[in-house]
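# Coordinate inspection notes
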Amino acid sequence: MVCSALSRVAHAHICLVRRASHVCRGHQHRAWGSRPITSDFAASGAPGSVLELLGKSYPQDDHTNLTRKVLSKVGRNLYNQHHHPLWLIKERVKEHFYKQYVGRFGTPLFSVYDDLSPVVTTWQNFDSLLIPADHPSRKKGDNYYLNRTHMLRAHTSAHQWDLLHAGLDAFLVVGDVYRRDQIDTQHYPVFHQLEGVRLFSKHELFAGIKDGESLRLFEHGSRSAHKQETHSMEALKLIEFDLKQTLSRLVAHLFGDGLETRWVDCYFPFTHPSFEMEINFRGEWLEVLGCGVMEQQLVNSAGAQDRIGWAFGLGLERLAMILYDIPDIRLFWSEDERFLKQFRLSDINQKVSFQPLSKYPAMTNDISFWLPSENYAEIDFYDLVRNIGGDLVEKVDLIDKFEHPKDLWKKHQEAAAAVVAWVEAVVSAFQSSRTHRTSHCYRITYRHMERTLSQREVSHVHRDIQAAAVQQLGVEGRF
């Protein structure tokens with residue numbers, strides 16, 4: 001859960017997982033290098049075609065919307081590559097939790113899972129987290145679906161129910177997550193999240209509290225803006241305090257002592273109350289994570305009815321860009337040695353500030369087209385541009401939107417009245433097809449991270465984008 005990621009479900013959810021299916025609370029209830037396909041969009045495959053990913057086959061249907069560009073990122077696992085900046089953030093968080101929270105036998109309290117498959121069911125990604133069936137976060141325009149029942153996880157919280165059901169009380173989950181989004185230096189269709197969950201029994205939560213034995217975790221009350229109906233006020237206050245203290249210590253470990261922070265109330269379907277933490281970094285307030293008291297309905301459904309818990313989520317790219325001064329999210333996918341060598345540190349907690357590679361010049365080309373009468377989604381155009389232009393594309397901006405006014409055709413109507421009937425019919429048909437149409441003009445900025453692009457190279461890519469927009473999106477080019 002990154003608060004953005006949590007809230008948007010810009011920026012998250014939670015989870016690191018080694019397979020925990022060998023332990024189980026109650027009866028099992030599983031419902032929490034790809035091979036390129038032949039077309040740019042998996043959805044364009046013939047009915048009955050199969051998509052193969054991570055050694056498994058998935059039948060395609062009308063929900064399939066994966067692109068080759070996105071599929072090529074599955075299995076890269078940047079956060080597990082030693083000395084990658086995302087690996088550094090993950091290891092620093094792990095180190096902090098291992099040292100600060102120790103179990104009864106001197107072993108780490110939190111289990112860490114960082115190898116769970118990014119392919120999950122829609123039940124895991126949405127239903128297990130109490131996300132309503134009509135919630136906008138389920139839209140095809142926001143997610144990458146293999147088919148109607150399987151998808152690339154939109155957040156690491158998709159594993160939360162399974163881990164709780166397996167009997168785990170404290171865990172971290174790290175993984176790659178996938179969301180369809182705009183194109184700029186802060187957004188990428190693949191990013192990485194780290195999630196944490198901890199449950200408490202009555203004894204654990206009230207230990208050390210005066211007259212703690214007389215206190216209760218649960219009650220039959222009413223829901224308010226600050227409390228669930230099933231939680232006692234004493235339990236809520238203690239678990240909220242523990243959550244905020246835990247995350248304040250984590251942020252101090254990452255950024256150093258003396259950092260100014262603040263908590264902002266927010267909403268997530270799977271926690272209540274919910275909060276975002278913001279930090280004052282170099283004079284600017286920045287959201288760095290999302291968290292909250294877990295919805296008891298979720299905890300109960302996973303078989304932990306006698307416990308209460310909290311959860312948090314953060315985005316690894318978000319933290320790395322702040323901590324290491326990395327200006328462009330595409331850099332995390334770079335294999336340029338000039339980038340990678342800057343993060344080969346002898347100590348993961350060593351301070352480092354990214355030294356920019358030479359800033360190669362940008363090239364911009366515009367593309368204009370009339371939208372089809374129906375079924376056009378801007379996010380489909382962004383996916384098309386990413387799929388064809390890849391990481392050569394730095395950003396895409398909608399710079400003009402024009403609707404053809406009907407009034408411009410009045411003169412044609414008047415003239416047509418004086419013409420023979422068949423000419424009048426032709427004009428009428430032409431008018432209906434041309435009025436009230438909408439045109440979009442996008443400016444595409446091309447910039448290679450490691451070399452100078454040639455005009456010829458950019459023109460070739462741009463022409464491919466134009467042709468694909470006409471063929472795949474049904475637009476009418478104005479180029």
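About the criteria used
Residues numbered from 1 in each chain as written. Predicted model: local features only at pLDDT ≥ 70, side-chain atom pairs only at ≥ 80, totals over all residues. Heavy atoms only, no water. Helix = DSSP H or I, 4+ residues; strand = E, 2+ residues; numbered from the N terminus. Buried < 20%, exposed > 50% of the residue type's maximum accessible area, 1.4 Å probe, protein only. Areas by Shrake-Rupley, 256 points an atom, 1.4 Å probe, with all protein chains shown as cover. Pairing = 2+ DSSP bridges. Contact = heavy atoms within 4.5 Å. Axes fitted to C-alpha atoms, helices over the stretch in contact; angles between N-to-C directions. Core = buried A, V, L, I, M, F, W, Y, C linked by side-chain atoms within 4.5 Å. Expected span 1.5 Å × (residues − 1). Polar contact = N/O pair within 3.5 Å; in protein donor to acceptor, adjacent residues only side chain to side chain. Phe/Tyr/Trp six-rings, centres within 6.5 Å; stacked < 30°, edge-to-face > 60°. Lys NZ or Arg CZ within 6 Å of the ring centre and 35° of its normal. Parallel < 35°, antiparallel > 145°, perpendicular 65-115°, else oblique. Left-handed = near helix turned anticlockwise from the far one by under 90°. pLDDT = per-residue confidence, 0-100.

### A short note on the overall build of the protein chain
Scanning the protein chain from N- to C-terminus turns up 14 helices and 15 strands. Residues counted as buried form 54% of the 479 residues belonging to the protein chain. Approximately 21,900 Å² of the protein chain is accessible, and the part contributed by carbon and sulfur atoms is 50%.

### Considering the sheet that holds strand E12 (residues 363-370)
Ordered in space as E13-E14-E12-E15, the four strands form an open sheet in which the pairing is antiparallel. If you trace the sheet from one side to the other, it starts and ends with strand E13 (393-403) and strand E15 (476-477), each paired once. Against the sheet, helix H14 (residues 455-473) makes contact with E12, strand E14 (438-446) and E15, and its axis sits at roughly 20° relative to E12, the strand it touches most.

### Remarks on the nonpolar core
Counting 77 residues, the largest nonpolar core has Leu 53, Leu 152, Phe 255, Phe 312, Tyr 324, Ile 326 and Phe 332 as its most contacted members. Top element by residues in this core is helix H7 (residues 233-255). It accounts for nine residues.

### Observations regarding the pairing of E14
The buried fraction of E14 amounts to eight of the nine residues, a majority that puts the element mostly inside the structure. Relative to E14, E12 runs antiparallel, the two sharing eight bridges. Pairing of Ser 368 across the sheet is with Cys 441, part of E14.

### Quick look at the sheet that holds strand E6 (residues 170-178)
The mixed open sheet is built from seven strands, whose spatial order is E3-E6-E7-E11-E10-E9-E8. Either end of the sheet is taken by a strand with one partner, and the two such strands are strand E3 (111-113) and strand E8 (261-268). When strand polarity is set aside, the average angle formed by the axes of neighbouring strands in this sheet is 25°. Note that E3 and E6 share three bridges and pair parallel. Among the inter-strand pairings, Ser 111 is bridged to a residue of E6, identified as Phe 171. The strands touched by helix H3 (residues 85-100) are E3, E6, strand E7 (190-200) and strand E11 (308-315); relative to E7, the strand with the most contacts, the crossing angle is about 10°. Across the sheet, H7 lies against E7, E8, strand E9 (271-281), strand E10 (284-294) and E11, angled at about 25° from E11, the strand it touches most.

### Concerning unusual backbone geometry
Only a minority of non-glycine residues have a phi that is not negative, and only a minority of peptide bonds are not trans. Of note, the amide linkage connecting His 272 to Pro 273 takes the cis form, showing an omega dihedral of 0°. Mapped onto the elements of the fold, Pro 273 is located in strand E9. Even without being glycine, Leu 130 reaches a positive phi, approximately 70°. Here Leu 130 shows up in the loop between helix H4 (122-125) and strand E5 (150-152). Here the phi dihedral of Asn 375 falls at roughly 65°; this positive angle occurs in a residue that is not glycine. Relative to the helices and strands, Asn 375 resides in the loop between E12 and helix H11 (378-389). Asn 375 gets classed as exposed once you look at its relative accessible area, which sits at 71%.

### A short note on H3
For the α-helix, the turn length of 3.6 residues means that residues three or four positions removed from each other point alike. Helix length check: H3 (16 residues) gives 23 Å between terminal C-alpha atoms against 22 Å at 1.5 Å per residue, within 8%. Burial runs high along H3: 12 of the 16 residues are buried. Considered for burial, the residues of H3 that qualify are Pro 85, Leu 86, Trp 87, Leu 88, Ile 89, Lys 90, Glu 91, Arg 92, Val 93, Lys 94, His 96 and Phe 97.

### Concerning the side chain of Lys 90
Take Lys 90: it is sitting in helix H3. Polar contacts involving the side chain of Lys 90 include one to the side chain of Asp 114, which spans 3.0 Å. Sequence-distant contacts of Lys 90, defined by excluding residues within four places in its chain, comprise Tyr 79, Asn 80, Asp 114, Val 174, Leu 194 and Leu 316.

### Some details on the side chain of Gln 342
Within the secondary structure, Gln 342 sits in the loop between helix H10 (337-340) and E12. Setting aside chain neighbours within four positions, we find Gln 342 in contact with Val 352, Ser 353, Phe 354, Gln 355 and Leu 357.

### Examining the packing of aromatic side chains
All told, the structure shown has 21 aromatic pairs when counted by the stated rule. Relative to Phe 110, the ring of Tyr 101 has its centre 5.8 Å away and its plane inclined at 70°; by these criteria the two rings are edge-to-face. Residue Tyr 101 shares its accessibility class with Phe 110, and that shared class is buried. In this structure an aromatic cluster arises from ring pairing among Phe 97, Tyr 101, Phe 110, Trp 310 and Phe 312. Lying across the ring of Phe 275, Lys 244 places its NZ or CZ 4.1 Å from the centre. Cation over ring: Arg 262 sits above Trp 285, and NZ or CZ is 4.0 Å from the ring centre.

### Description of the packing of H3 against H7
Orientation of H3 relative to H7, taken along the N-to-C sense of each, is 130°, at an axis distance of 10 Å. Judged by the inter-axis angle, H3 sits oblique to H7. Crossing of H3 against H7: the hand is right-handed. For the pair formed by H3 and H7, the contact residues are Arg 92, Val 93, Glu 95, His 96 and Phe 97 on the first element and Thr 246, Arg 249, Leu 250, His 253 and Leu 254 on the second.

### A look at the confidence of the model for the protein chain
Model confidence for the protein chain is summarised by a mean pLDDT of 87, while 84% of its residues fall at 70 or above. Confidence drops under pLDDT 50 across residues 2-39; counting only partners more than four residues distant or on other chains, this segment forms 180 contacts. Within the model, the stretch residues 407-411 combines pLDDT values under 50 with five contacts to residues more than four positions away or in other chains.

### Brief notes about the environment of Asp 397
Tracing the chain through its elements places Asp 397 in strand E13. With a relative accessible area of 32%, Asp 397 lands in the partly exposed category. Sequence separation between Asp 397 and Tyr 382 is 15 residues; the distance between their C-alpha atoms is 10.0 Å.

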